[in-house]
Amino acid sequence: QRQLAAIKQAMERDEFCLYYQPKVDMQSDRVFGMEALIRWNHPTNGMLSPAAFLHQLAGTELELALDTWVIGHALQQLELWNEAGLKLQVGVNISPKHIKSAGFFADLSDALRRYDRVDPRQFQIEVLESGVLDDLATVSQVIQNCRDKLGISIALDDFGTGYSSLSHLRHLPIQTIKIDQSFVRDMIEDPSDHAIVEGVISLARAFKLEVIAEGVETERHKQALLELGCAKAQGYGIARPMPADKVHGWIRNYQ
Ligand code: G
Ligand code: G
Ligand code: MN
Ligand code: NA
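Residues numbered from 1 in each chain as written. Chains lettered and ligands numbered in written order. Predicted model: local features only at pLDDT ≥ 70, side-chain atom pairs only at ≥ 80, totals over all residues.

Chemist: Requested: an account of the overall build of the chain, with residues and values cited.
Modeler: Helix and strand counts for the chain stand at 12 helices and 10 strands. In terms of overall dimensions, the chain has a C-alpha envelope of 50 × 45 × 35 Å along the principal axes. When burial is assessed residue by residue, the chain has 34% of its 255 residues classed as buried. Restricting to contacts in the chain with at least 6 residues of sequence separation, those with at least 24 account for 65%. (Helix = DSSP H or I, 4+ residues; strand = E, 2+ residues; numbered from the N terminus. Buried ≥ 20, exposed ≤ 12 C-beta atoms within 10 Å, placed from the backbone. Contact = placed C-beta atoms within 7 Å.)

The following block contains the structure:
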């Protein structure tokens, strides 16, 4: 309860900020996007990661307020990068509960109207695979609307951890799947994890979905993924999440 009040106050005091982790094409060394990741710049405890506070919000109205804040700030940042001639796609993590809630579509279209110097195709919603399974019909409809009426895209995050069946995947109008970092991390040592990564990549190919590997930490991960035909990647081996003002310099140095 006290913690919740503190989070509410932190929102009012503008203590939250977004870090950005690059998504790259390892074949061309092109940076095509960023994942926005929230941080709490706490006045006494320093920069807090989501693990330290997100769970406190679960099930409260603040959860939705924070998602709305994240969407607005990511779009604002996209406008700034567009103006600076930096064309990127930005993905934000939205809680599954919010996606299923009545006001989500209206909130999102309001935000996109407010930041109309962003091409909706630059904006992506990342939703946990495990969060959509209990109400697939609703989620499918919302995703379809986001795609058809707003022009944004949806990624299924942490793919492989949610046990979605292939027929589910077939009926979800998503554009992208993100292979969960646990499989990528262990794919070098563990043949089962290697097989899972390989399976997800061929699944994505069959369904004509974009696939991004998360948790790419080493050169060996990069090699193994390229051998399997997955060039798009994200992970500490490419870059850690960074504040927005570091992004320009990092890209200049990388490409
Ligand atoms: O940034 P990382 O480093 O610590 O993030 C930890 C977890 O928090 C990840 O599962 C990520 O998806 C989630 N997360 C990060 N930023 C946000 C956000 O803005 N909103 C929501 N709902 N989850 C987020
Ligand atoms: O659940 P989601 O995929 O949104 O979570 C992203 C989280 O994973 C963030 O906390 C981010 O900091 C973290 N992350 C990103 N790349 C790596 C990586 O290469 N290794 C590890 N261990 N964590 C990573
Ligand atoms: Mn994510
Ligand atoms: Na993920």
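Back to the text.
Chemist: I'd like a description of the packing of helix H5 (residues 104–114) against helix H7 (residues 136–150), backed by residues and values.
Modeler: Interhelical geometry of H5 versus H7 gives an angle of 25° and a closest axis separation of 11 Å. Comparing their axes, H7 and H5 come out roughly parallel. For H5 against H7, the interelement crossing comes out right-handed. Within the contact between the two elements, H5 uses Phe104, Phe105, Leu108, Ser109 and Leu112 and H7 uses Val142, Asn145, Cys146 and Leu150. Classifying every residue of the contact of H5 with H7 by side-chain character gives seven nonpolar, two polar and no charged. (Axes fitted to C-alpha atoms, helices over the stretch in contact; angles between N-to-C directions. Parallel < 35°, antiparallel > 145°, perpendicular 65-115°, else oblique. Left-handed = near helix turned anticlockwise from the far one by under 90°. Nonpolar A, V, L, I, M, F, W, Y, C, P; charged D, E, K, R; others polar.)

Chemist: Any chance you could break down the environment of Glu198 for me, citing the residues and the numbers?
Modeler: Considering the arrangement of structural elements, one finds Glu198 in helix H10 (residues 191–206). Glu198 gets classed as partly exposed once you count the C-beta atoms within 10 Å, which come to 18. Taking C-alpha positions, Glu198 is 33 Å from Ala244, a pair spaced 46 residues apart along the chain.

Chemist: Tell me about the site of ligand 2, residues and numbers included.
Modeler: As a matter of local geometry, ligand 2 sits amid 13 residues, with Asn93, Gly215, Glu217, Gly235 and Tyr236 nearest to it. Of the residues belonging to the shell around ligand 2, the class tally is four nonpolar, five polar and four charged. (Near = placed C-beta within 6 Å.)

Chemist: Any chance you could break down the nonpolar core for me, citing the residues and the numbers?
Modeler: In terms of nonpolar packing, the biggest core is built from 53 residues, with Ala74, Val127, Ile177, Ile179, Val200 and Ala213 touching the most fellow members. The greatest single-element share of this core, amounting to five residues, is contributed by helix H3 (residues 61–83). Apart from residues no more than four positions distant in its own chain, Ile177 is found in contact with Ala155, Leu156, Phe159, Val200, Ala204, Leu209 and Val211. Counting residues in each nonpolar core, the second largest holds five residues, with Ile7, Phe53, Leu57 and Leu66 among its members. (Core = buried A, V, L, I, M, F, W, Y, C linked by C-beta atoms within 7 Å.)

Chemist: An account of the packing of helix H1 (residues 2–12) against H3 is needed here, citing residue identities and associated values.
Modeler: Look at H1 against H3: their axes get within 11 Å of each other, and the N-to-C directions meet at 25°. By the angle between their directions, the pair H1 and H3 is classed as roughly parallel. Helix-helix and strand crossings are classified by hand; for H1 and H3 the assignment is left-handed. Across from Leu4, Ile7, Lys8 and Met11 in H1, the residues of H3 making contact are Leu62, Ala65 and Trp69. Its residues placed into classes, the contact of H1 with H3 shows six nonpolar, no polar and one charged.

Chemist: Pulling in residues and values, what's your account of the confidence of the model for the chain?
Modeler: Per-residue confidence for the chain averages 94 on the pLDDT scale, and 100% of its residues sit at or above 70. The complex model carries a pTM of 0.97, and its ipTM stands at 0.97. (pLDDT = per-residue confidence, 0-100.)

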